[in-house]
Amino acid sequence: MSEEHYLELSENPVQFEHASSVNNVFFDEANKQVFAVRSGGATGVVVKGPDDKSSVAFRMDDKGEVKCIKFSIGNKILAVQRTSKSVDFINFIPDYPHTEFTQECKTKNASVLGFCWTNWNEIVFITDQGIEFYQVFPDKRSLKLLKSQSINVNWYQYCPETAVILLSTTVQGNVLQPFTFRNGTMSKMSKFEIELPVVPKPAKLSLSERDIAMATIYGQLYVMYLKHHSRTANSPSAEVVLYHLPREGTCKKSHVLKLNTTGKFALNVVDNLVVVHHQSSQTSLIFDIKLKDPDCAVNTHQPVLPARSIHPYRIPLSGPAVVPSQPPVPCQLYSSSWSVFQPDIIISASEGYLWYLQVKLPPTVNLLQDKGKLMDFLLRRRDCKMVILSVCSQILDGGDKGSLPVVATVFDKLNQVYKEYLEAEQTYTAENVFN
């Protein structure tokens with residue numbers, strides 16, 4: 001069975017002090033940093049990023065409970081939110097004054113829901129009444145409002161890879177308004193509506209932040225909506241609906257991923273695959289939106305492979321009291337204390353671990369019987385060459401020798417990719433000759 005686990009947690013997780021009554025844990029999706037804040041920062045803040053080289057430790061005055069804490073890009077300026085009205089800033093640039101400075105939100109009677117850094121010196125405040133885009137001047141210890149937009153906001157999400165902020169608006173929360181940020185400018189994109197399974201009467205907030213995620217798949221930005229099973233809407237199981245969000249033009253519903261079950265789910269994206277974790281069965285499904293399913297309607301997708309659990313993970317014991325022969329402790333997978341972040345991060349705050357989710361390709365060879373479909377799947381993955389060689393070896397001289405049509409299909413697909421590569425190379429060479 002262990003050969004069938006096609007998902008695994010990264011071997012070397014980021015370790016941090018686990019959450020407790022004196023230690024609060026925060027995660028910054030833009031810098032991929034975990035903040036462990038002890039006693040409001042008075043007894044220390046430890047920041048750990050994807051590589052240990054980026055660890056930072058410091059103290060700050062305890063001025064109340066920390067609601068949100070994030071570094072700007074490059075760890076130049078720290079922003080800390082402690083109240084619903086303002087954000088505090090501390091310079092981490094060498095030779096700049098280290099004293100805190102504060103910016104209150106401009107909108108009267110608004111509450112700050114959170115903030116996002118879009119550049120090393122540009123920050124967006126998201127309030128319940130709109131967004132405010134600022135430039136930070138660390139030398140002057142001040143901020144300048146660049147642009148603002150009034151709009152009622154229920155909650156927001158940020159995709160750092162594309163610098164797009166998504167705001168949930170209207171009473172039901174299902175009208176989403178995206179904004180994009182680039183080089184000191186804020187642009188309003190086309191708003192769009194998420195189709196709810198049931199429209200409540202009277203109207204109330206029906207679209208939860210937990211059921212929406214943004215991710216880049218095959219170079220395109222998608223809003224993923226986890227549409228739960230509804231008895232009244234006659235939908236027997238949950239599905240993930242993908243809305244394609246282009247920089248120009250309107251956002252359109254483009255793919256439906258059939259989950260064939262109900263319950264609590266969480267979403268990741270790994271190597272352009274949408275991974276759906278199902279808590280009660282402790283299994284995950286993977287979907288490839290470029291694989292066409294002949295048995296499904298256009299752009300409706302079934303899982304590529306049967307549901308399987310993430311590969312079992314053992315937490316190595318550490319510290320001075322550890323006996324050398326003590327075995328590692330099995331980690332509880334799909335724990336209710338897990339938090340999932342885009343695109344491929346899983347955090348256990350209670351155990352003090354951050355993992356990257358990874359796809360293992362070798363187990364897919366025996367799980368996907370249709371070798372043509374298997375080749376289509378493998379050719380779109382990173383680090384696929386050795387696995388593709390093993391498939392060729394298997395169908396030519398292994399115990400699972402393929403029939404001539406199967407061998408032909410596999411090599412046709414390989415030749416097609418090689419042809420595209422040669423054509424692209426020739427085009428590139430020709431362009432360089434004429435430039």
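Fair warning: this is a prediction, and the values are worked out from it, not measured in the lab.

A.B. asks: Report on the overall build of the chain, specifying residues and quantitative values.
C.D. replies: If you tally the helices and strands in the chain, you get four helices and 32 strands. Per-residue burial for the chain yields a buried fraction of 48% across its 435 residues. If you sum the accessible surface of the chain, you get close to 22100 Å²; carbon and sulfur atoms cover 51% of it. Distance from the positive charge centre (44 side chains) to the negative charge centre (43 side chains) of the chain: 6 Å.

A.B. asks: So what's going on with the environment of Gln-282? Which residues, and what values?
C.D. replies: Checked against the element boundaries, Gln-282 lands in the loop between strand E25 (273-278) and strand E26 (283-287). With 26 residues separating them in the primary sequence, Gln-282 and Arg-308 have C-alpha atoms 8.1 Å apart. Other than its neighbours up to four places away in sequence, Gln-282 contacts Ser-309, Leu-333 and Tyr-334.

A.B. asks: So what about the sheet that holds strand E3 (residues 23-28)? Which residues, and what values?
C.D. replies: Whether parallel or antiparallel, the strands of a sheet pair through hydrogen bonds between backbone atoms. As summarised here, the arrangement of the four strands in space is E3-E4-E5-E6, forming an open sheet in which the pairing is antiparallel. Each edge of the sheet is formed by a strand with only one pairing partner; in this case those strands are E3 and strand E6 (56-58). Between one strand axis and the next, the sheet turns by 15° as a mean value, whatever way the strands run. With three bridges connecting them, strand E5 (residues 45-48) and E6 associate as antiparallel partners. Across the sheet, residue Val-46 finds its bridge partner in E6, namely Ala-57.

A.B. asks: Talk me through the sheet that holds strand E10 (residues 101-104); I want residue IDs and the actual numbers.
C.D. replies: Strand order in the open sheet formed by four strands is E7-E8-E9-E10, and the pairing between neighbours is antiparallel. Looking at strand neighbours, the two that pair on one side only are strand E7 (68-71) and E10, the edges of this open sheet. Adjacent strand axes in the sheet meet at a mean angle of 20°, parallel and antiparallel pairs treated alike. Two elements, E7 and strand E8 (residues 77-81), share four bridges in a ladder whose sense is antiparallel. When the bridges of E8 are listed, Lys-70 appears paired with Ala-79.

A.B. asks: Describe unusual backbone geometry, with residues and values.
C.D. replies: Of note, the bond from Lys-201 into Pro-202 is cis; its omega dihedral lies within 30 degrees of zero at -5°. Within the secondary structure layout, Pro-202 lies in the loop between strand E19 (192-193) and strand E20 (212-217). Look at the link from Gln-342 to Pro-343: it is a cis peptide, with omega at -5°. Topologically, Pro-343 is positioned in the loop between strand E30 (338-341) and strand E31 (345-348). One non-glycine residue with positive phi stands out, namely Asn-109, at about 60°. Along the chain, the position of Asn-109 falls in the loop between E10 and strand E11 (112-119).

A.B. asks: Mind laying out the pairing of E5, listing which residues take part and the relevant values?
C.D. replies: Because side chains alternate across E5, one face comprises the buried residues Val-45 and Val-47, and the other comprises Val-46 and Lys-48, none of which is buried. Across four bridges, the pairing between strand E4 (residues 33-38) and E5 is antiparallel. Bridge assignment links Ala-36 to a residue of E5, and that residue is Val-46.

A.B. asks: Describe in detail the environment of Gln-342, supporting the description with residues and values.
C.D. replies: Within the fold, Gln-342 resides in the loop between E30 and E31. Expressed as a C-alpha distance, the spacing of Gln-342 and Glu-132, which sit 210 residues apart in the sequence, is 24 Å. Non-local contacts of Gln-342, meaning those with residues more than four positions away in its chain, are made with Glu-29, Lys-32, Ala-213, Met-214, Ala-215, Met-224, Leu-267, Asn-268 and Val-269. At a separation of 2.8 Å, a polar atom in the side chain of Gln-342 contacts the main-chain carbonyl oxygen of Leu-267.

A.B. asks: Any details on the packing of aromatic side chains? Residues and values, ideally.
C.D. replies: Using the criterion set out here, one finds 14 aromatic pairs in the structure. Arranged with centres 4.6 Å apart and planes meeting at 50°, the rings of Phe-27 and Phe-341 form a pair that is tilted. Residue Phe-27 is located in strand E3, and its partner Phe-341 is located in strand E30; the two are separated by 314 residues in the primary sequence. Classification of Phe-27 as buried rests on a relative accessible area of 14%. Taken together, a centroid distance of 6.0 Å and an interplanar angle of 85° make the contact between Phe-89 and Trp-117 edge-to-face. Residue Phe-89 is located in strand E9 (residues 86-91), and its partner Trp-117 is located in strand E11; the two are separated by 28 residues in the primary sequence. Residue Phe-89 is classed as buried on the basis of its relative accessible area of 0%. Residue classification places Trp-117 among the buried positions, given a relative accessible area of 4%. Counting every residue linked through ring pairs, the aromatic cluster contains Tyr-313, Tyr-334, Trp-338, Tyr-353 and Trp-355. In this arrangement the basic side chain of Lys-290 is found over the ring face of Tyr-218, its NZ or CZ atom lying 4.6 Å from the centre.

A.B. asks: Help me get a handle on the environment of Met-60, residues and values and all.
C.D. replies: For Met-60, the location among the structural elements is in the loop between E6 and E7. Exposure remark for Met-60: the relative accessible area of 6% places this residue in the buried category. Taking the C-alpha atoms as reference, Met-60 lies 9.3 Å from Ile-90; in sequence the two are 30 residues apart.

A.B. asks: Run through the side chain of Glu-122, naming residues and quoting values.
C.D. replies: Looking at where Glu-122 falls in the secondary structure, it is placed in strand E12 (residues 122-127). No salt bridge is formed by the buried Glu-122, whose closest oppositely charged neighbour, Lys-144, lies at an N-O distance of 10 Å. A polar atom in the side chain of Glu-122 sits 3.4 Å from the backbone nitrogen of Gly-184. When near neighbours in sequence (up to four residues on either side) are disregarded, Glu-122 contacts Cys-116, Trp-117, Phe-133, Tyr-134, Asn-183 and Gly-184.

What counts, and where the lines are drawn
Residues numbered from 1 in each chain as written. Predicted model: local features only at pLDDT ≥ 70, side-chain atom pairs only at ≥ 80, totals over all residues. Heavy atoms only, no water. Helix = DSSP H or I, 4+ residues; strand = E, 2+ residues; numbered from the N terminus. Buried < 20%, exposed > 50% of the residue type's maximum accessible area, 1.4 Å probe, protein only. Areas by Shrake-Rupley, 256 points an atom, 1.4 Å probe, with all protein chains shown as cover. Lys, Arg positive; Asp, Glu negative; His and termini not counted. Charge placed at Lys NZ, Arg CZ, Asp CG, Glu CD. Contact = heavy atoms within 4.5 Å. Pairing = 2+ DSSP bridges. Axes fitted to C-alpha atoms, helices over the stretch in contact; angles between N-to-C directions. Polar contact = N/O pair within 3.5 Å; in protein donor to acceptor, adjacent residues only side chain to side chain. Phe/Tyr/Trp six-rings, centres within 6.5 Å; stacked < 30°, edge-to-face > 60°. Lys NZ or Arg CZ within 6 Å of the ring centre and 35° of its normal. Salt bridge = Lys/Arg side-chain N within 4 Å of Asp/Glu carboxyl O.

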